[in-house]
Amino acid sequence: MQIKPTELKTLKDFYALMAATRQARFNAVATILAGEEVSKDTIQSLNNALGSLEDVTEVNNKRVLYLDESRTIELEMDYEINETRKDLFYLEEGEETFLDLLADLHPGFDDYVAAGRELLGGLDLNCLITDRDGTINNYCARYLTSIQSIYNSVFLSRFCLNKVQKPVILTSAPLDGLIEISVNPEGKIYYAASKGRECLDLEGRTRRLPISADKQEAIDALNARLHDLLAQPENEKFSLIGSGLQFKFGQSTVARQDIGKSIPLAESDAFLATLKELTAELDPGAKNFRIEDTGLDVEIILTIDADDGLKDFDKGDGVKYLNTEFGLGLFRGPHLICGDTGSDVPILEAALEMTPDAYAIYVTENDDLAKRVTGLTPNALIVPEPDMLVTIMGLL
Ligand SMILES: [Mg+2]
């Protein structure tokens, strides 16, 4: 079904349009991977979608949409617009010219891509374990409209299908919605969410790491209070920016800021303080929860029992669970591990605990993070852009 030119008035219109591009993109990726040509109809659909996005009223570099009949919200739509433009360029001009475009957009592109191809050239990998947002996907201001682009999926899928036995996308975002924003062929890639606590196998079945009854009760109580808190008119905006309010498995996330800095600094800090107070009130002994603040999102995470007391569940714990649940055979390399933040470092540590035969490509401009990664293994490369990482993958 073709996407028609639409006037986007409400936030809902915008979400509906982005969801429609997911179907068009999913079909296009399948077509390209089958070696066929994408139809003119699909290209027209994406052109219409782009036009609709570009036509949304712009004020101070933000796009303005209605929340309801009287209230408006200002949004950043860079991801949605830019990725659609890139996809159209990719479909119309072909891959080689598209790579020139990426090289124009990102300084040092060719050198980083060459370094990545050299690092991984000739390897047939057992596992790929990679984070999604900011690593293999460009950052978007909102999770649910961060529809994966066509070129991105083609590059990633080509790599996963030809060079990797067991590809795993491991995100801290919830499983709910992850498939709806991904356009990779189904049944080829494992999706693990909530830091690995819940995952989707290749048959599309959901699997979950069991949580004890008392911990589940604790997080249910927390979620009810968060729901009430965000329902207050002065707090409602926090559910509409960035990650919004997400109830994940074993973890809840509340946005206090987005990458467009929509919320005044003082207000964002005050909201963080409110969340800390609420958590302390529900868990006075700090037995059940840990709070992690990224500056944008506040993650409230259920603790787990570790050898030396309580700890918060990290992606390394997720990797160990996935290794058992999916039979990844992590003791046998080579593996490629990819991430873009400190919370992705435990993935590499967990992999290296099982075999030294692990390679790492991390996407960051943060020197401390780069040093942590390169300090763990000499087989590491740091690149500044997700587009570079997926191009490395696509060209191997
Ligand atoms: Mg990330």
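Residues numbered from 1 in each chain as written. Predicted model: local features only at pLDDT ≥ 70, side-chain atom pairs only at ≥ 80, totals over all residues. Heavy atoms only, no water.

1. Some details on the overall build of the chain
Of regular secondary structure, the chain possesses 12 helices and 16 strands. The C-alpha radius of gyration computed for the chain amounts to 21 Å, which stays within 12% of the reference 21 Å derived for 396 residues, consistent with globular compactness. Counting only C-alpha atoms and orienting by the principal axes, one finds that the chain spans roughly 60 × 60 × 40 Å. Long-range pairs, those at least 24 residues apart, make up 65% of the contacts in the chain between residues at least 6 apart in sequence. Once the 38 positive and 67 negative side-chain charges of the chain are each reduced to a mean point, those two points are 3 Å apart. (Helix = DSSP H or I, 4+ residues; strand = E, 2+ residues; numbered from the N terminus. Rg over C-alpha atoms; globule rule 2.2 N^0.38 Å. Contact = heavy atoms within 4.5 Å. Lys, Arg positive; Asp, Glu negative; His and termini not counted. Charge placed at Lys NZ, Arg CZ, Asp CG, Glu CD.)

2. Remarks on the domain arrangement of the chain
How big an interface is tends to be stated in terms of the accessible area lost upon association of its parts. Under the domain assignment, the chain is made up of domain 1 (1–93) and domain 2 (213–312). If you average the C-alpha positions of domain 1 and of domain 2, the two centres end up 31 Å apart. For the domain 1 and domain 2 pair, buried surface summed over both sides reaches about 460 Å², with 50% attributable to carbon and sulfur atoms. At the boundary of domain 1 and domain 2, one finds 1 salt bridge. (Domains from an automatic or database assignment. Buried area = accessible area lost by both parts, 1.4 Å probe. Salt bridge = Lys/Arg side-chain N within 4 Å of Asp/Glu carboxyl O.)

3. Thoughts on unusual backbone geometry
Put simply, G333 and P334 share a cis peptide bond, and its omega is -5°. Mapped onto the elements, P334 comes out in the loop between α9 (315–326) and β14 (335–339). The residue N61 is not glycine, and still its phi comes out positive at about 65°. Here N61 is to be found in the loop between β1 (58–59) and β2 (62–66).

4. Considerations on the coordination of the magnesium ion
Protein coordination at the magnesium ion comes from D131 (OD), D133 (O) and D340 (OD), with a distance range of 2.1 to 2.2 Å. Read N to C, the donor residues that coordinate the magnesium ion are spaced as D-x1-D-x206-D. The exposure class of D131 is buried, given its relative accessible area of 5%. (Donors = N, O, S within 2.8 Å, 3.2 Å for Na, K, Ca; no water. Buried < 20%, exposed > 50% of the residue type's maximum accessible area, 1.4 Å probe, protein only.)

5. As for the pattern of salt bridges
Following the criterion strictly, the structure yields 26 salt bridges and no others. Where R142 meets E80, a salt bridge forms, and the shortest distance between an N and an O atom there is 2.8 Å. In this pair, R142 is assigned in the loop between β4 (125–130) and α6 (150–163) and E80 in helix α3 (residues 78–93), connecting sequence segments 62 residues apart. Taken individually, R142 and E80 each receive the classification buried, so the pair is uniform in this respect. The residue R132 makes a salt bridge to D133 at a minimum N-O spacing of 2.7 Å. A relative accessible area of 4% places R132 in the buried class. Residues joined by salt bridges that share partners form a network here, namely D201, E203, R205, R207 and E325.

6. Overview of the sheet that holds β14
On the basis of which strands lie adjacent, the open sheet formed by 8 strands has the order β8-β7-β6-β5-β4-β14-β15-β16 and mixed pairing. The open sheet has two edge strands with one neighbour each: β8 (206–208) and β16 (380–383). Going from strand to strand, the sheet's axes swing by 15° on average, the running direction of each strand aside. Bridge analysis of β14 against strand β15 (residues 358–363) gives 5 bridges, and the strand direction is parallel. Paired with C338 across the strands is I361, a residue of β15. Here helix α5 (residues 109–120) sits on the sheet in contact with β14, β15 and β16, set at roughly 160° to β16. Seen against the sheet, α6 touches β4, β5 (164–170) and β14 and runs at an angle of roughly 140° to β5. (Pairing = 2+ DSSP bridges. Axes fitted to C-alpha atoms, helices over the stretch in contact; angles between N-to-C directions.)

7. Overview of the pairing of strand β11 (residues 289–293)
Judged from the 5 bridges that link them, β11 and strand β12 (residues 297–306) form a sheet pairing that is antiparallel. Bridge pairing in β12 places D293 opposite V298. Between β11 and β12, which pair antiparallel and follow one another directly, the connecting turn spans 3 residues, one of which, G295, has a positive phi of 95°.

8. Description of the environment of R197
In this structure, R197 sits in the loop between β6 (190–193) and β7 (198–200). Each C-alpha atom, one on R197 and one on V319, is 9.2 Å from the other, the two residues being 122 residues apart in sequence. Excluding residues within four positions of it along the chain, R197 makes contact with R207, R208, L209, I211, F249, G250, I301, L302, T303, I304, F313 and Y321.

9. With respect to the nonpolar core
Formed by 67 residues in total, the largest nonpolar core has its most connected members in F14, L128, L336, I361 and M393. Element by element, the count of residues in this core is highest for helix α1 (residues 11–33), at 8 residues. When neighbours within four sequence positions are excluded, L336 is seen to be in contact with L120, L125, C127, L128, I129, F159, Y359, A360, I361 and M393. Core analysis: the next-biggest nonpolar cluster, separate from the first, contains 24 residues, C127, A350, L369 and A380 among them. (Core = buried A, V, L, I, M, F, W, Y, C linked by side-chain atoms within 4.5 Å.)

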